[in-house]
Amino acid sequence: MDKSTGDSERLLRLLSLQTDGLLDNEQSKELIAMVSASKEARQIYIAHMFLHSLMHRAARLTDAVPVLPEELSGSAGTLPDDGSQLGRPTRTLMLDFLGNVFRGGTDFLSRSLVLTLLLAVGLPGILFLLLVLHVTRQPGPVTPLAKITRTHECVWSEGTTALSTGAGVFAGEQLRLTEGLLEITFARGAKVLLEGPATFNVTDAAQGFLHNGSLVAKVQKGAEGFTIQTPAVAVVDLGTEFGVRVDDERGTAEVEVFQGKVELRATAEEGPSRTLRQHLVAGRAARVEVTDRQGALPIIREITPAVVSFVRQIPQVPKRPLVPIKPSDADKPEAAIVADFSGGEGNAQVDQFPGVAGSGWAAGWNVGEAGELKCITSIEQANPLLGGGKYLRVLVERQSGGSGACTCTAVDRRLALTNGVDLTKPHVVSFNFRIDVLNRFGEASDRLSICNRNVSQMEYEREGRPSSGWHICMVGKGNKYAKSGNWALLRRDKKGKPIGVDSGIPPREGNTYSFRILVDPPARQWTPSIAVNGGKWIAFEPMGMRSKGTAKKNGYWPFLYFYCEMEGGNKGEDVEKIGFSVDSIRITPAPAPQAGSISGTGRTTRNRSSFMESWSSFLVGPGDAGTGGLGKACRHCPSDRTEQGHRFRFWHFMSFSSIALAS
Amino acid sequence: MSNLNDSGRDQTLPEPFVRVLLANQGNIHAYVTSLVGNLEQAEEILQETNVVLCREADQFSTITDFTAWACRIAYFQVLRYRKQCQRDRHWFDDRLLNLVAQEAAPHTKELGERRRALDECLEKLSDLQRNLIMRRYSANGSVQSVARECGRSPGAISQSLYRIRAALLKCIEHRIALFERGCQ
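Colleague: I keep staring at the pairing of strand β19 (residues 391-398) of chain A and nothing clicks. Help me out?
Modeller: Every other side chain in a regular strand lies on the same face of the sheet, so the side chains alternate between the two faces. Residue and element names in this part refer to chain A. The element β19 is extensively covered by neighbouring structure, given that 6 of its 8 residues are classed as buried. The sheet contact formed by strand β18 (residues 373-380) and β19 spans 8 bridges and is antiparallel. Bridged to Thr377 within β19 is Val394.

Colleague: Is there a simple way to think about the environment of Ala223 of chain A in this case?
Modeller: Residues and elements named next belong to chain A. Note on placement: Ala223 falls in the loop between β5 (207-218) and β6 (227-229). With a relative accessible area of 7%, Ala223 lands in the buried category. C-alpha of Ala223 to C-alpha of Ala190: the two residues are 33 residues apart in sequence and 6.4 Å apart in space.

Colleague: Teacher, can you tell me more about the confidence of the model for chain B here?
Modeller: As a note on interpretation, predicted positions should not be read in detail where pLDDT is low. All names here are of chain B. Residues of chain B with pLDDT of at least 70 account for 87%, and the chain-wide mean is 81. By mean pLDDT, helix α1 (residues 6-11) is the weakest element of chain B at 42, and helix α3 (residues 25-36) is the strongest at 92. In the predicted structure, residues 180-184 sits below a pLDDT of 50 and forms 13 contacts with residues beyond four places in sequence or in another chain. Taken over the whole predicted complex, pTM reads 0.39, whereas the ipTM for its chain interfaces reads 0.91.

Colleague: Is there a simple way to think about the state of the cysteines in this case?
Modeller: What is meant by a disulfide is a covalent connection between two cysteines, made through their sulfur atoms. The tally for this structure, following the rule as stated, stands at 1 disulfide over all chains. Through a disulfide, Cys121 of chain B is tied to Cys171 of chain B; the S-S separation comes to 2.0 Å. With the S-S bond torsion at -85 degrees, the cross-link from Cys121 of chain B to Cys171 of chain B turns out left-handed. Linking Cys121 of chain B in helix α7 (residues 111-124) with Cys171 of chain B in helix α10 (residues 154-180), this pair joins segments that are 50 residues apart in sequence. Taken individually, Cys121 of chain B and Cys171 of chain B each receive the classification buried, so the pair is uniform in this respect. No disulfide involves Cys451 of chain A; its nearest neighbouring cysteine sulfur is the one of Cys473 of chain A, lying 9.4 Å away.

Colleague: In this structure, what is going on with the side chain of Arg175 of chain B? I would like to understand it.
Modeller: Residues and elements named next belong to chain B. Note that Arg175 resides in helix α10. Residue Arg175 is classed as buried on the basis of its relative accessible area of 16%. The residues touching Arg175, leaving out its near neighbours within four places in the chain, are Ala117, Glu120, Cys121 and Lys124.

Colleague: Looking at this structure, how should I read the packing of helix α4 (residues 39-55) of chain B against helix α5 (residues 66-84) of chain B?
Modeller: The geometry of a pair of packed helices is captured by two quantities: the angle between their axes and the separation between those axes. Residue and element names in this part refer to chain B. At a minimum axis distance of 9 Å, the contact between α4 and α5 shows a crossing angle of 120 degrees. On the basis of the axis angle, α4 is oblique to α5. The element α4 and its partner α5 pack so that their crossing is right-handed. Every residue of α5 that contacts α4 at Gln41, Glu44, Ile45, Glu48, Thr49, Val52 and Leu53 is listed here: Phe66, Trp69, Ala70, Ile73, Ala74, Gln77, Val78, Arg80 and Tyr81. Taken together, the residues of the contact of α4 with α5 sort by class into 10 nonpolar, 3 polar and 3 charged.

Colleague: I tried to follow α4 of chain B on my own but got confused; where do I start?
Modeller: Residues lying three or four places apart along an α-helix face the same way, a consequence of the helix completing one turn every 3.6 residues. Residues and elements named next belong to chain B. The terminal C-alpha atoms of α4, which comprises 17 residues, lie 24 Å apart, in line with the 24 Å expected from a rise of 1.5 Å per residue. Where burial is concerned, most of α4 is hidden: 12 out of the 17 residues are buried. For α4, the capping residue at the N-terminal end is Asn38, with a side-chain oxygen 2.9 Å from the backbone nitrogen of Glu40.

Colleague: I'm lost on the environment of Ser342 of chain A in this one. Help?
Modeller: All names here are of chain A. In this structure, Ser342 sits in the loop between β14 (337-339) and β15 (345-346). Linking Ser342 and Ile379, residues 37 residues apart in sequence, is a C-alpha distance of 9.3 Å. For Ser342, the residues in contact, after removing those within four places along its chain, are Asp351 and Lys390.

Colleague: Looking at this model, I keep getting lost on the packing of aromatic side chains. Mind explaining?
Modeller: In this description, a pair of aromatic rings is defined by centroid distance and the angle of the planes. Across all of its chains, the model carries 26 aromatic pairs over all chains by this definition. For the ring pair Phe186 of chain A and Phe200 of chain A, a centre distance of 6.4 Å and an interplane angle of 80 degrees mean the geometry is edge-to-face. Note that Phe186 of chain A is positioned in strand β3 (residues 174-186) and Phe200 of chain A in strand β4 (residues 191-204), a separation of 14 residues in sequence. Each member of the pair, Phe186 of chain A as well as Phe200 of chain A, carries the same accessibility label: buried. On the basis of an interplanar angle of 50 degrees and a centroid distance of 5.9 Å, the ring pair of Tyr75 of chain B and Phe76 of chain B is categorised as tilted. The positively charged end of Arg453 of chain A is found above the aromatic ring belonging to Tyr561 of chain A, 3.5 Å away from the centroid. In this structure, Arg136 of chain B is placed above the aromatic ring of Tyr137 of chain B, and the distance from its NZ or CZ to the ring centre is 4.8 Å.

Rules used in this analysis
- Residues numbered from 1 in each chain as written.
- Chains lettered and ligands numbered in written order.
- Predicted model: local features only at pLDDT ≥ 70, side-chain atom pairs only at ≥ 80, totals over all residues.
- Heavy atoms only, no water.
- Buried < 20%, exposed > 50% of the residue type's maximum accessible area, 1.4 Å probe, protein only.
- Helix = DSSP H or I, 4+ residues; strand = E, 2+ residues; numbered from the N terminus.
- Pairing = 2+ DSSP bridges.
- pLDDT = per-residue confidence, 0-100.
- Contact = heavy atoms within 4.5 Å.
- Disulfide = S-S within 2.5 Å.
- Axes fitted to C-alpha atoms, helices over the stretch in contact; angles between N-to-C directions.
- Parallel < 35°, antiparallel > 145°, perpendicular 65-115°, else oblique.
- Left-handed = near helix turned anticlockwise from the far one by under 90°.
- Nonpolar A, V, L, I, M, F, W, Y, C, P; charged D, E, K, R; others polar.
- Expected span 1.5 Å × (residues − 1).
- Polar contact = N/O pair within 3.5 Å; in protein donor to acceptor, adjacent residues only side chain to side chain.
- Phe/Tyr/Trp six-rings, centres within 6.5 Å; stacked < 30°, edge-to-face > 60°.
- Lys NZ or Arg CZ within 6 Å of the ring centre and 35° of its normal.

The following block contains the structure:
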C-alpha cells in the first residue's frame, strides 16, 4: 500500500469516527492537521461531510420529522403580518400549513398519509405539491431572467420540474433535459435552442451556463455580449448565431459560428490573472480542451466545421424528410418475400391471388368479410401501379341504413417466421398502394389502415383486439390519430400510449403511394418513407412500434394487413365505398452496413441510469466516405454526403443496425 | 409589478424564491455541515440562514446564483454562531474554516447528483450494511444504540460504518465523475 492510499484510508477512518462523535482529542488534532495540510484531504473531507448530511436528511425524511425551521412557521417577531385573510402574506400561510403537516397535527392530512406521500415522492416533491396547492400565485417582485418560448418533444430529467412554453426561468434554476428541444428566450433578447440531453443554467438576463449537451444561440442586434459559459471556456457573442456543445466527460467545448463573430474567453484558475481571448468568425469552428495541469489555460484548436452538427431550429410538424431513400435499396434479389400478383388469380402458386403458402408466406391471401361490409377482390391488368403489371384490386362497400356501428374487413396474408427473411431481425417492407375510390368517406370513423398485425381477422373476431407493430392509416375526417385527415403514422408515445404522427401527405383518389418501411423488431421501432406517384421519397424519423402485442414473445407480427372501417350512412343515401389497389409487395432483410462503413451494430436504451450511454457517436474513419444509405435514422447527419471526419450522433432508442453507408 | 396592497408588498415571498429556497435546503445543510462538522448544529444554522434569506428575499431578483448566495449567508451565520458559542471548542480555526468554506461552496451545486448517486449506491450495499447505516442515521441512532440493538460492540459497529461510508463515497465519486465532470 503506498503512502497516499494509506493516508486517505486513515483520513476516512478518522472522518467516520468524527461523524459518529467518537473522536478523541489526539485523533481530532490529527484529523485537523490532515485537512489543513492538503487540498486533496479537504476534498475528501467535504465529500464525506456531504454524505453525512445527505444520509442524515434522507433518513429523517423517512421518519417524517419536521425539517422546516420553526422560526419561519408564522411566529410573531420575524415576519410582520397584517392579519387580513386576503392580504395575508404567502409565506405565513404556506409555512403554517407545512408546519402543521410536518408535525402531524392537522386534520386535513393524517400523519400516515404524509408519510406515504413522503416515501412516494420525497420531500421536494411534497413541498412542491403543497406549494402548488397552497401558495397563491401573487405577482412577486422577481421577474424571470428568461422564458421558455417553444418546446419540442421534451423529456425532463428525473427530479426536475417540467417547464412548458411561457414558463419563466429564474436565477439559479437548472434546466435538465433528457431529450427534446427547448427554446429559451432571454430577457435581453437572445434565444437559445437547447438540445437534450443537456444541463443548462440561466445565470443572468444575458448569460447561461452549459454544463453538458449542446445548444445554438441566436443573438439579435442590440443583445451583443450575450455569453454562454462552459466548464472550459466562455463564448461571448459579438452579434451572431453560434452553436456550443459540451462533452460531459471532460468538459471539452466545441464551438461553431454560423453567422457573425464570437469571442472565446478563458481564464486560468490559479496563478497570475491570465486570460485567453480568441475570435471565431462565421464558418469556423473550434474545440476547447481543459488541460489536466492545474491552473493552466485551456487549449483552443480550430476544427473543421460541421464535425459537430447542431439543431438550429425546432423541426416543423411533420418532421422534415432527412435522407431520401431509393427504392432500389430494397431490391435485393437474394432473399425476398414477394407478392406481385404475376400469376393472376388462382390457388396453385405462391404469387397468385389468393395463392398458396411458400417463399416466406405461411398461407395464401385471406379475404375477411364482416357484418355489413362487403369486400370484392380482383386481379387487374389495366392501368397498373407505376408500371408494375398485374395487381390486386380491393373494393369495400357498405350499404346505407345499417346499424351505424363500424365493422371491419380486410385482406391479409400470414407470413412465415423464417424461410427466406428472418422477420425477427431488421427488415424492409415495401409496396405500392393506389387509392381508387373514396365514396362517402368523410367521417372520423371511416378508416383505411395498412399495418402488420399479430392475429388474423378471424382470430381478431374470436379473441378481441389485434395489435399492430407498424401502422399507417387514413381517416375520413380528422380524428385523434390524424388531425388533418392526412396519412397518419401510428406509433407509441413515451408513456406507451398509441398516438399518430401526421405525415403531411394527403390521401387522394387516383394517387399511388409507395411505402417503404424499415421494421426493426429488436429495437422495437419502425421507420417509414413514402413517395407519391413515383416521386421523391419522404423519410420520417424512426418511431416506436404501436403496440407491445405479442412482439415481445414472438419478436414479430406475422400478418400483413389491409383493412377498412366504415360508418355507413342513413337509409337511402349513397353506398359508402373504399377502393384501393396493391402491388409490388416485397419484404427484404434490411441492408447490412457495407464494407468501409460505420462498424458496429447495437441498440441504445432509454434506461435512465444509462442515458449517458444512450448517446453514441461514431467518427467516420479513412475510407468511409460515401453517401448515407439508410441514413435517415441518423438525426445529426450534416448532409447526405458524409466525409471522413464527420461524426454521426445517434438519437437514443435508435438501432445502429439501421445505419449503413454505401461506399 | 403590483401587489394586492402596499403593506403586502414587502411581506410576500415570491413563489420562485420559495421554490428555490426549498430546493436549496439540502445544499445549505450539507455546506454548513462541512463547516461545523455536526449535524445538529448544522440544522440550527440552516434555520438561522433561512430566516435571513427570507428577510433578504427582495434581493432575489438581482441574485444570479442562489446557491452561492445562500452559502455566503450561511457562512456568516456560521461565524455568528461561533461567536455566540465562544466557550465551546471549535472544530476548525478561522483560517481553516475560511479555506473549507471556499472549497466546499462550488460542490454544493452537484449535491442533487450526489443525492441521486447515493440512492443508487445504497442499493448496491448488502441488506445488512444498508440496514446498519440507515439505523445509524435514523432518529436517536447513535453508534451506541445501534450496537445495543445489534448485540455488537460499538467498536465493531464503528468499523463497519467506516467501511460502508468509504464504499458509499467511492461509489458516489465514481458516479459524479461520470455525470458531473463538466460542472464547476
